[in-house]
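Given next are the chains, with one letter for each unit.
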There are 8 protein chains.
Amino acid sequence: MTLKVYLSGEIHTDWREQIIDGSGDLDVAFDGPVTDHGASDDCGVAILGAEPNKYWHDHKGAMVNAIRTRKGLADADVVVVRFGDKYKQWNAAFDAGYAAALGKSLIVLNPPEHQHALKEVHAAALAVAEEPGQVVDVLRYVLTGRLPG
Amino acid sequence: MTLKVYLSGEIHTDWREQIIDGSGDLDVAFDGPVTDHGASDDCGVAILGAEPNKYWHDHKGAMVNAIRTRKGLADADVVVVRFGDKYKQWNAAFDAGYAAALGKSLIVLNPPEHQHALKEVHAAALAVAEEPGQVVDVLRYVLTGRLPG
Amino acid sequence: MTLKVYLSGEIHTDWREQIIDGSGDLDVAFDGPVTDHGASDDCGVAILGAEPNKYWHDHKGAMVNAIRTRKGLADADVVVVRFGDKYKQWNAAFDAGYAAALGKSLIVLNPPEHQHALKEVHAAALAVAEEPGQVVDVLRYVLTGRLPG
Amino acid sequence: MTLKVYLSGEIHTDWREQIIDGSGDLDVAFDGPVTDHGASDDCGVAILGAEPNKYWHDHKGAMVNAIRTRKGLADADVVVVRFGDKYKQWNAAFDAGYAAALGKSLIVLNPPEHQHALKEVHAAALAVAEEPGQVVDVLRYVLTGRLPG
Amino acid sequence: MTLKVYLSGEIHTDWREQIIDGSGDLDVAFDGPVTDHGASDDCGVAILGAEPNKYWHDHKGAMVNAIRTRKGLADADVVVVRFGDKYKQWNAAFDAGYAAALGKSLIVLNPPEHQHALKEVHAAALAVAEEPGQVVDVLRYVLTGRLPG
Amino acid sequence: MTLKVYLSGEIHTDWREQIIDGSGDLDVAFDGPVTDHGASDDCGVAILGAEPNKYWHDHKGAMVNAIRTRKGLADADVVVVRFGDKYKQWNAAFDAGYAAALGKSLIVLNPPEHQHALKEVHAAALAVAEEPGQVVDVLRYVLTGRLPG
Amino acid sequence: MTLKVYLSGEIHTDWREQIIDGSGDLDVAFDGPVTDHGASDDCGVAILGAEPNKYWHDHKGAMVNAIRTRKGLADADVVVVRFGDKYKQWNAAFDAGYAAALGKSLIVLNPPEHQHALKEVHAAALAVAEEPGQVVDVLRYVLTGRLPG
Amino acid sequence: MTLKVYLSGEIHTDWREQIIDGSGDLDVAFDGPVTDHGASDDCGVAILGAEPNKYWHDHKGAMVNAIRTRKGLADADVVVVRFGDKYKQWNAAFDAGYAAALGKSLIVLNPPEHQHALKEVHAAALAVAEEPGQVVDVLRYVLTGRLPG
């Protein structure tokens, strides 16, 4: 059983690498969004033509990114959504809702201070973790039945 | 043609009333979440038993609220998601993602300063408005073909 | 908003009547299986011809009952599954699994001593109650936003 | 044609090994739940944090197990559900209902004394067997057209 | 609960009338194909232009009839398929397969001499009857829980 | 049986009125796009704010119109797509493809000179007509079994 | 592009071999039912226990065969259904209806004398052939764009 | 991540080759219709028998081509639809609508003079390009996160 795992959300820390590295012994295929912030913001206008209006500049980019995001979410067995300390992170919550409506198994990763604000997202999740290592432990258990320690 | 419209998101201003009042001449059936903040937070423990742990207190409530929210989103033709000035509002973005994955027509209502942070949500929307009156105008046009003014 | 509620499971106590009576002021349409135990067991052979073999006697009846059960589950917004004190009640758990796979909002009603044995069923539920009155309170809150007391 | 077969239910006898061993010559990919009873009960708290309340202890574990179970059921062509002699086994019946609603081919394996209590589950099955060897014979016939003996 | 019942198959005897008349006290909405044999054969060319080639004459008609048939099957809760004594009746078996793939509850009505030839169709049915009155009895039981006699 | 019919395509002649008037005795609920060409082109900017760039002017309008079109197509039993003498009419062909993918019964209405260019669209249709009166005759036959003349 | 082709219907002539042999140069994966008539009739009782009643003898076998048939139809891109000269062949028409409802591309293969009786089945087909070689030619064209001769 | 890309529309220039050649370093699996115009027009009659009537000549061919087209669209992650300078190109717009209804990521490729006529098609697209090289750049960014230049 190969588990397809999509890593959504925060792109400013190395949580994806921690999960991928920690899962090196597991049969997992990881996917996720483009994590180069600048490229992600500008991909639309860089390829399809400049827009003087910031709304359309952003819109073109968000739509090109959606090609990758929607395939990643549609193909995944498990969607991990990480909420960090900064920014609005509405794209992360949007991905969580999208994944939930598709019936994907949702794992939410967030610092404890966000607990109350995330309660509707948590209500759709099968696991809520605070550390990337816990996500690795969940994936290992799901694939092999082995618990940590 | 009756249009079923779900009004999701911010619960601290009267935007729902503005839209419902403005649509009084239209064949629209509105639905939305429970907007009593206290009841919404406590419904789980008030009915199903107290929880000393805040996480489970919130969880029980969020799950009971999901009974209403999921039916509302599933039944809707159009989902309007309002982002306000305050709070994390991840439940609003979650609903937007959920609605998008179900193929619902999405209308996003937000102040202009949130434009960049909402670009992924906007990319899934068929209309982006700043004022409740614009949502009314969209609904009127969709149902009757009449434009404002 | 009319809420369609299917009442599945145990047929030897008056829990259905308690929920239906308690919801008299609410816009709920209730449905459920045939609760006449004898008719339910014998409907297949009574209509479609006797079977000397007990397996096929039961099978014919279970298939006729499935016509009603599947429609009820498919049409429902909310499925309430009651586990009682006696019998195997695998049909109740089967209905719960069926409803979960269809994405229905699941409410489980059971005495506390069954908690551990029902943990997989509870994991798919949005509310777990011990008394029929709690189910009524959930339905009232979902439809009206009012809490008990 | 590779047949994907999920082996659900009872975890205290070696019926899974009997089926897997007996199918050694067949193009079948088997999957199933974690069968280490202790790990299965404790996986939630062992990874995601202790819970003093038994309900939430169980709940956390059941939700982590659901990540594996739902993928297994969703990917399967055939779901075999085994009912044994002991315990409530509501999780087995839940899986059967879940599989039926997904349109999976269902094979039920149970001792004859459970026949009447399982009639609703049997009504959704394409084969009902008493011995693991019969399941192997069904899989062999389905894949190769060869009958036993 | 209104039960939507589609009556498919043989059009040369009055079995539809027997079922509809016998169900006069029940909350059933019946639908079915056009039963005027001549109109059914010629509807395509009569409306959309003559075809000298018999294949296309028949094809045009079959496609126009499919507008009605597909809606009827898609809307139905229960599909009754009647096999009579004469003709190939491949359209009846086609409707049965179509209904089965849509997950409809299937009732097959046929004389006993067709039993062996219909075994694959029966394997998808929830009830197999020989007389129209038995279909009425099934519908009455499903809707009211009452058995005949 | 009420038949829901969506009338898509050309908006410069009175073909919709001919069909609606001709069907006055039938149980049909008609729907269709906004047919005021100017309003349809400008609805986006008139409600949601001006765009100096023609592409985004058009885009905003097309997305608002999509709210109506998608609901109409999704709710329809039958989609009639009319191709006229002028313009590119790619929106008509787009609607035909959209309807076909949703499994709707498709009726195409076009002058004979477009036959070759429409062959892929015709291949997805259940009826191809040249005159609005033929569409009325199809609807009457589908609903009542009566043929013209 | 590998094309998955299910070969349904008549099992008394070598039409399957003709198609498989003729497609030796093509990227096609063929599947189909068990074609050993005796094994197909008796598989249920041979594996799961004898039945004195002919109806249940047949039923048990038809249900075991359905495990193979449903997977084959569900996995296929193209379903070829062959109608021969003899027998009722309702299982062939059932498979055609089942495939049509799943949206599979349907190819029907039948002698010309069955044309009128198969008109509803033909109306759901994308190709109607009289000889196995024509089916091979269709598959070759679909995969390579090459026409015969 | 392998991206499956279907290249629909105009068959008279080498835009497909430009995209395929430009994507030589990417993990993309391309598919598309038969682009031999003559074979595409005549495949039906060449294989399944001549038709004196031009409508049925075209119809037979369009239906055979649909076997390939529907599989290609159904399997694709991304559908690129090219509109050229000539012809009606209703098949291209039909494919775009079909792909949109299936929820595929749509990229439209057209010369700027078609902008207004394509506004409804553009409203369903995630990217609109004028040159094949831009499509390559989108695919490269989606797969690797790298921008051109």
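Conventions used here
Residues numbered from 1 in each chain as written. Chains lettered and ligands numbered in written order. Predicted model: local features only at pLDDT ≥ 70, side-chain atom pairs only at ≥ 80, totals over all residues. Heavy atoms only, no water. Least-squares fit on C-alpha atoms with pLDDT ≥ 70 in both. Contact = heavy atoms within 4.5 Å. Buried area = accessible area lost by both parts, 1.4 Å probe. Salt bridge = Lys/Arg side-chain N within 4 Å of Asp/Glu carboxyl O. Polar contact = N/O pair within 3.5 Å; in protein donor to acceptor, adjacent residues only side chain to side chain. Helix = DSSP H or I, 4+ residues; strand = E, 2+ residues; numbered from the N terminus. Nonpolar A, V, L, I, M, F, W, Y, C, P; charged D, E, K, R; others polar. Buried < 20%, exposed > 50% of the residue type's maximum accessible area, 1.4 Å probe, protein only. Core = buried A, V, L, I, M, F, W, Y, C linked by side-chain atoms within 4.5 Å. Pairing = 2+ DSSP bridges. Axes fitted to C-alpha atoms, helices over the stretch in contact; angles between N-to-C directions. pLDDT = per-residue confidence, 0-100. Left-handed = near helix turned anticlockwise from the far one by under 90°. Right-handed = clockwise from strand over helix to strand, strands pointing away. Expected span 1.5 Å × (residues − 1).

As recorded by an unreviewed UniProt entry, chain A carries the name YtoQ family protein and is attributed to Sedimentitalea todarodis.

Visitor: I tried to follow the relation of the copies chain A and chain B on my own but got confused; where do I start?
Guide: The two chain copies are connected by a rotation around an axis plus a translation along it. For these two chains of identical sequence, chain A goes onto chain B by a turn of 180° and a shift of 0.0 Å along the axis, with RMSD 0.0 Å. Expressed as an axis order, the relation between the two copies is that of a two-fold axis. When the interface residues of chain A are mapped onto chain B, 100% of them are again interface residues, pointing to one common binding face.

Visitor: Teacher, can you tell me more about the interface of chain A and chain B here?
Guide: How big an interface is tends to be expressed through the accessible area that disappears when the partners come together. Facing 34 residues of chain A, the contacting portion of chain B comprises 34 residues. Buried area between chain A and chain B, summed over both chains or domains, comes out near 3,200 Å², and the portion from carbon and sulfur atoms is 66%. Applying the counting criterion to the chain A and chain B interface returns 2 salt bridges. Inspection of the region where chain A meets chain B yields 11 residue pairs in polar contact (both at pLDDT 80 or more).

Visitor: Would you take a moment to explain the relation of the copies chain H and chain F for this structure?
Guide: Its rotation angle being 180°, the transformation that places chain H on chain F also includes 0.0 Å of axial translation and leaves an RMSD of 0.0 Å. Both copies present the same face, since 100% of the interface residues in chain H are matched by interface residues at the equivalent positions in chain F.

Visitor: Quick question: what am I supposed to make of the interface of chain H and chain F here?
Guide: Facing the 34 residues of chain H at the interface are 34 residues of chain F. Between K119 of chain F and D41 of chain H there is a salt bridge, and its shortest N-O distance comes to 3.2 Å. The greatest single-element share of the side of chain H that touches chain F, amounting to 9 residues, is contributed by helix α4 (residues 90-101) of chain H. Class assignment of the residues belonging to the side of chain H that touches chain F gives a composition of 19 nonpolar, 8 polar and 7 charged.

Visitor: What's the story with the environment of I19 of chain C in this structure? I'm lost.
Guide: All names here are of chain C. One can find I19 in helix α1 (residues 15-22). According to the relative accessible area criterion, I19 is buried, its value standing at 0%. Distance in space between the C-alpha atoms of I19 and V34 is 17 Å, their sequence separation being 15 residues. For I19, the residues in contact, after removing those within four places along its chain, are L7, F30, L109, P132, V135, V136 and L139.

Visitor: Help me out: how do you make sense of the nonpolar core in this one?
Guide: The tendency in soluble globular proteins is for nonpolar side chains to be buried side by side. Membership of the largest hydrophobic core comes to 41 residues, with the highest contact counts inside it found for V79, F83, L106 and V121 of chain F together with V79, F83 and L106 of chain H. Only β3 (78-82), α4 (90-101) and β4 (105-109) of chain F together with β3 (78-82), α4 and β4 (105-109) of chain H provide two or more residues apiece to this core. Ranked by residue count, the leading element in this core is α4 of chain H, at 9 residues. Non-local contacts of L106 of chain F, meaning those with residues more than four positions away in its chain, are made with V79, V81, A96, A99, V121, A124, A125, L126 and A127 of chain F.

Visitor: Can you walk me through the sheet that holds strand β1 (residues 3-9) of chain A in this structure?
Guide: Within a beta sheet, neighbouring strands are joined by backbone hydrogen bonds and run either parallel or antiparallel to one another. Residues and elements named next belong to chain A. Spatial ordering of the open sheet is given by β2-β1-β3-β4-β5, a layout of 5 strands whose pairing is parallel. Each edge of the open sheet carries a strand with a single partner, namely β2 (28-31) and β5 (127-129). In this sheet, adjacent strand axes meet at a mean angle of 20° when their direction is disregarded. The pairing of β1 with β2 spans 4 bridges and is classified as parallel. Directly across from K4, in β2, lies its bridge partner A29. On the sheet, helix α1 (residues 15-22) packs against β1, β2, β3 (78-82) and β4 (105-109) and is oriented at approximately 165° with respect to β1.

Visitor: Is there a simple way to think about the confidence of the model for chain A in this case?
Guide: Do not read the fine detail of predicted coordinates wherever pLDDT is low. With 100% of its residues at a pLDDT of 70 or more, chain A has an overall mean of 97. Across the whole predicted complex the pTM is 0.98, and at the interface the ipTM reaches 0.97.

Visitor: Would you explain the pattern of salt bridges in this entry?
Guide: As a working rule, side chains carrying opposite charge can pair if their charged atoms are close by. Evaluation of the coordinates by the stated rule reveals 72 salt bridges over all chains. In this structure, D25 of chain C and R140 of chain C form a salt bridge, with 2.9 Å as the shortest nitrogen-oxygen distance. Of the two residues, D25 of chain C is situated in the loop between α1 and β2 (28-31) and R140 of chain C in helix α6 (residues 132-144); the sequence distance between them amounts to 115 residues. What makes D25 of chain C partly exposed here is its relative accessible area of 47%. Note on R140 of chain C: relative accessible area 16%, which makes it buried. A salt bridge links R82 of chain D to E10 of chain D, with the shortest nitrogen-to-oxygen separation between them at 3.0 Å. Note that R82 of chain D is positioned in strand β3 (residues 78-82) and E10 of chain D in the loop between β1 (3-9) and α1 (15-22), a separation of 72 residues in sequence. For R82 of chain D, a relative accessible area of 14% translates into the label buried.

Visitor: Is there a simple way to think about the arrangement of the chains in this case?
Guide: The two partners chain F and chain G share no contact, and the minimum distance between any of their C-alpha atoms is 8 Å. Separating chain D from chain H is a minimum C-alpha gap of 18 Å, and the two share no contact.

Visitor: I keep staring at the packing of helix α1 (residues 15-22) of chain F against helix α6 (residues 132-144) of chain F and nothing clicks. Help me out?
Guide: Between two packed helices, both the angle of their axes relative to each other and the distance between the axes serve to describe the pair. All names here are of chain F. In contact at an axis separation of 9 Å, α1 and α6 are set at 35° when each is read in the N-to-C sense. Taken as a pair, α1 and α6 cross one another with a handedness that is right-handed. Taken together, the residues of α6 that come into contact with α1 (itself represented by W15, Q18, I19 and G22) are P132, V135, V136, L139 and R140. A breakdown of the residues in the contact of α1 with α6 according to their chemical character gives 6 nonpolar, 2 polar and 1 charged.

Visitor: When you look at the pairing of β4 of chain H in this model, what are you seeing that I'm missing?
Guide: Two faces make up the sheet, and in a regular strand the side chains alternate between them. Residue and element names in this part refer to chain H. The buried fraction of β4 amounts to 5 of the 5 residues, a majority that puts the element mostly inside the structure. Taking every second residue as pointing to the same face, both faces of β4 are buried, with S105, I107 and L109 on one and L106 and V108 on the other. Here 5 bridges tie β3 to β4, and the two strands are oriented parallel to one another. The residue bridging V79 from the neighbouring strand is L106, located in β4. With α4 bridging β3 and its parallel neighbour β4, the resulting β-α-β unit is right-handed.

Visitor: Help me understand helix α4 (residues 90-101) of chain A, please; the structure alone is not making it clear to me.
Guide: It helps to recall that an α-helix has 3.6 residues per turn; residues three or four apart then point in one direction. Residue and element names in this part refer to chain A. Given a rise of 1.5 Å per residue, 12 residues ought to cover 16 Å, and the 16 Å separating the end C-alpha atoms of α4 matches this to within 8%. Along α4, the positions that sit buried rather than exposed are W90, A92, A93, F94, D95, A96, G97, Y98, A99 and A100. Within two residues after α4, G103 carries a phi angle of roughly 80°, on the positive side.

Visitor: Would you take a moment to explain unusual backbone geometry for this structure?
Guide: Backbone geometry follows two general trends: most residues other than glycine have a negative phi, and most peptide bonds adopt the trans configuration. Positive phi, close to 70°, is recorded for Y87 of chain A, a residue that is not glycine. Relative accessible area serves as the criterion here: at 54%, Y87 of chain A is assigned to the exposed category.

Visitor: Sorry if this is basic, but what is going on with the environment of V79 of chain H here?
Guide: Residue and element names in this part refer to chain H. Along the chain, the position of V79 falls in strand β3. Overall, the relative accessible area of 0% leaves V79 in the buried class. As a C-alpha pair, V79 and L143 span 64 residues in sequence and 15 Å in three-dimensional space. If we skip the residues at most four places from it in the chain, V79 touches Y6, L73, A99, K104, S105, L106 and I107.

Visitor: Could you clarify how one ought to interpret helix α2 (residues 37-48) of chain G in this entry?
Guide: For α2 of chain G, the complete set of buried residues consists of A39, S40, D41, C43, G44, V45, I47 and L48 of chain G. Where α2 of chain G is buried, its residues touch β5 (127-129) and α6 (132-144) of chain D, α5 (119-122) of chain E together with α3 (54-75) of chain G. The N-cap residue of α2 of chain G is D36 of chain G: its side-chain oxygen and the backbone nitrogen of G38 of chain G are 3.2 Å apart. Following α2 of chain G by one or two positions, G49 of chain G adopts a phi angle in the positive range, close to 115°.

Visitor: Please explain the sheet that holds strand β4 (residues 105-109) of chain G as it appears in this structure.
Guide: Residues and elements named next belong to chain G. The strand order β2-β1-β3-β4-β5 describes an open sheet built from 5 strands, whose pairing is parallel. Looking at strand neighbours, the two that pair on one side only are β2 (28-31) and β5 (127-129), the edges of this open sheet. Strand-to-strand twist across the sheet, computed as the mean angle between neighbouring axes with direction ignored, equals 20°. In terms of strand pairing, β4 meets β5 through 3 bridges, oriented parallel. Residue pairing in the sheet places L109 in a bridge with A129 of β5. Packing against the sheet, α3 makes contact with β1 (3-9), β2 and β3 (78-82), and its axis sits at approximately 140° to β1.

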